[in-house]
Amino acid sequence: MRYSEYNEKIKKEIYEKYNHIAGVDEVGRGPLAGPVVTCAVIMKKNSKIEGVTDSKKLSRTKMLKLRDEILKDALAVSYGYANNKVIDDINIRQATLLAMKDAVENLETKPDILLIDAEKIATDIPQLNIVKGDLNEYAISCASILAKVRRDDIMINFSKIYPEYSFDTNMGYGTKKHYEGIDNVGISPIHRLSFLKKYFAKQESFL
C-alpha cells in the first residue's frame, strides 16, 4: 500500500480489525561506523504518548523520557542488529531488511500485522509499507525512538573503546572530528569499509 493510500479511514480500519499491531523501523543506515539497529514494538491499542514522533526530530533527553514511557505501554518489544561486517558483505539495505526481520521474529507476541517505515520484509505476516511512517504512524514512531536510543547507547559505549572518533557525539556519522580520527589513527574494527571507499580513493589521489 502506498503512503498516499494510508489515510485516516484505512488507519481506523486497521486498528479496529487487528489487536497486535507492530511498528517496525530502523536507525543507522547512514553512518560510517557501527551497526544498523531495528526495532519492532507492539503498543497497547489505547496508547497515545504525547510527543512521540520521528526520532530524528527529538533530542536525546526527550527520547530517553519517551523511551521509558513507550516501554511502559508496550506489549512486546524486540530489536534486530546488523554489524558493519554484515553491512559490508550484503549491503546496507539488505542488512537493514535482515535486522528488521530478526526484530519481528523475536517478538514474544506474534503480530497480526506489521506497519513498516518504507520497507517490505520477507514474512508471512501481513504488512503495510508506509513512506515517512516514522513521522506519520504512531507505532512506527515508537519503534524509531526505541531503535535510536538503543543505537546511540551502543555508539556511546564504542566511544569508550575508540575515543579517537568522537562516536559519543557523532554516533558514527561522517563529521569533521570523525574524519580527523580516521586520518590520525586509521579505521577501527567497527568501520564500514564499503562506506569509506570514496574517502580512501580521494586520499590516494593526493599521494
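Here the residue numbers are simple positions, counted from 1 along each chain's written sequence. Where totals are concerned, whole chains, interfaces and linings use all residues; where local detail is concerned, this predicted model gives features only for residues with pLDDT of at least 70, and gives and counts side-chain atom pairs only at 80 or more. Only heavy atoms go into the side-chain values, all of them from the structure, while hydrogens and water stay out.

An unreviewed UniProt entry lists the protein under the name Ribonuclease HII, with Anaerococcus cruorum as the source organism. Taken directly from UniProt, the Subcellular location (unreviewed entry) text for the protein runs: "Cytoplasm". UniProt positions are given in the numbering used here, feature names are shortened, and annotations may be inferred rather than shown by experiment. In its Function (unreviewed entry) section, UniProt records this for the protein: "Endonuclease that specifically degrades the RNA of RNA-DNA hybrids."

Draft legend 1. Quick peek at the pairing of strand β4 (residues 113–117). Think of it in three bands: residues with accessible area under 20% of the maximum for their type are buried, residues over 50% are exposed, and the middle band is partly exposed, with areas taken using a 1.4 Å probe on protein chains only. Where helices and strands are cited, they refer to DSSP runs of H or I of at least four residues and of E of at least two residues respectively, numbered from the N terminus. The element β4 is extensively covered by neighbouring structure, given that five of its five residues are classed as buried. With burial as the criterion, each face of β4 is covered, one bearing Ile-113, Leu-115 and Asp-117 and the other bearing Leu-114 and Ile-116. Across four bridges, strand β1 (residues 21–27) lies against β4 in parallel orientation. Bridging across to β4, Gly-23 finds its partner in Leu-115. Here, any two strands with at least 2 DSSP bridges between them count as paired.

Draft legend 2. Just a nonpolar patch on the surface, in detail. Surface patches are drawn from residues lacking salt bridges whose relative accessible area is over 30%; two like charges belong together within 9 Å, two nonpolar side chains (Val, Leu, Ile, Met, Phe, Trp, Tyr) within 5 Å. The Shrake-Rupley method, run with a 1.4 Å probe sphere, supplies the accessible areas, and residue values consider only the shown protein chains as cover. We define a salt bridge as a side-chain nitrogen of Lys or Arg found within 4 Å of a carboxyl oxygen belonging to Asp or Glu. Together, Ile-187, Leu-193 and Phe-200 line one region of the surface with nonpolar side chains, adding up to about 230 Å² of accessible area. One can find Leu-193 in the loop between α8 (176–185) and α9 (197–205). Using a relative accessible area of 43% as the deciding quantity, one classes Leu-193 as partly exposed.

Draft legend 3. View of the nonpolar core. One finds Val-41, Met-43, Val-52 and Ile-70 to be the most contacted residues of the largest nonpolar core, which totals 20 residues. With seven residues, helix α6 (residues 138–161) is the single largest residue contributor to this core. By definition in these notes, contact holds between two residues if any of their heavy atoms fall within 4.5 Å. Residues in contact with Val-52, not counting those within four places in the same chain, are Leu-66, Ile-70, Tyr-138, Ser-141, Cys-142 and Ile-145. What makes a nonpolar core is a set of buried Ala, Val, Leu, Ile, Met, Phe, Trp, Tyr and Cys residues whose side-chain atoms join them at distances within 4.5 Å. Counting 14 residues, the second largest nonpolar core, distinct from the first, contains Ile-42, Ala-76, Ile-121 and Ile-125.

Draft legend 4. Summary view of the UniProt feature "binding site: a divalent metal cation" (unreviewed entry) in the protein. Mapped onto the present numbering, the UniProt feature "binding site: a divalent metal cation" (unreviewed entry) falls at Asp-25, Glu-26 and Asp-117. Of the residues just listed, which span 93 residues, no C-alpha pair is farther apart than 8.1 Å, and they cluster in one region. Along the chain, Asp-25 falls in strand β1. With residues near it in sequence (within four places) discarded, Asp-25 still touches Val-37, Thr-38, Cys-39, Met-100, Asp-117, Asp-134, Ile-140, Ala-143 and Ser-144. On the secondary structure map, Glu-26 appears in strand β1. Exposure remark for Glu-26: the relative accessible area of 18% places this residue in the buried category. The residues touching Glu-26, leaving out its near neighbours within four places in the chain, are Val-36, Val-37, Thr-38, Thr-96 and Met-100.

Draft legend 5. How the structure looks around the packing of aromatic side chains. Note on aromatic pairs: the rings of Phe, Tyr and Trp (six-membered ring only in Trp) are paired at centre separations within 6.5 Å, and the planes decide the class, stacked below 30 degrees, edge-to-face beyond 60, tilted for the rest. The tally for this structure, following the rule as stated, stands at four aromatic pairs. Consider the rings of Tyr-199 and Phe-200, whose centres lie 5.5 Å apart with planes at 65 degrees: the pair is edge-to-face. A relative accessible area of 31% places Phe-200 in the partly exposed class. Among the aromatic side chains, those forming a connected cluster through ring pairs are Tyr-179, Tyr-199 and Phe-200. The lysine or arginine in question, Arg-192, covers the ring of Phe-195, its NZ or CZ lying 5.0 Å from the ring centre. Whether a charge sits over a ring depends on NZ of Lys or CZ of Arg being within 6 Å of the ring centre and within 35 degrees of the ring normal.

Draft legend 6. Looking closely at the environment of Ala-33. Among the secondary structure elements, Ala-33 is positioned in the loop between β1 and β2 (36–43). Each C-alpha atom, one on Ala-33 and one on Gly-174, is 8.8 Å from the other, the two residues being 141 residues apart in sequence. Aside from chain neighbours lying at most four places away, what touches Ala-33 is Arg-151, Met-155, Phe-167, Met-171, Gly-172, His-178, Ile-190, His-191 and Arg-192.

Draft legend 7. Up close: the environment of Glu-8. Within the secondary structure, Glu-8 is located in helix α1 (residues 8–17). C-alpha separation for the pair Glu-8 and Pro-31, spaced 23 residues apart in sequence, amounts to 34 Å.

Draft legend 8. Inspection of the pattern of salt bridges at higher detail. One pass over the full model with this rule turns up 13 salt bridges. Across the pair Glu-119 and Arg-29 runs a salt bridge whose closest N-O atoms are separated by 2.6 Å. Of this pair, Glu-119 sits in the loop between β4 and β5 (127–130) while Arg-29 is found in the loop between β1 and β2, placing the two residues 90 residues apart along the sequence. Overall, Glu-119 belongs to the buried group, its relative accessible area being 7%. Between Asp-152 and Arg-60 there is a salt bridge; the shortest N-O distance is 3.9 Å. Of this pair, Asp-152 sits in helix α6 while Arg-60 sits in helix α2 (residues 60–73), and the two are 92 residues apart along the sequence.

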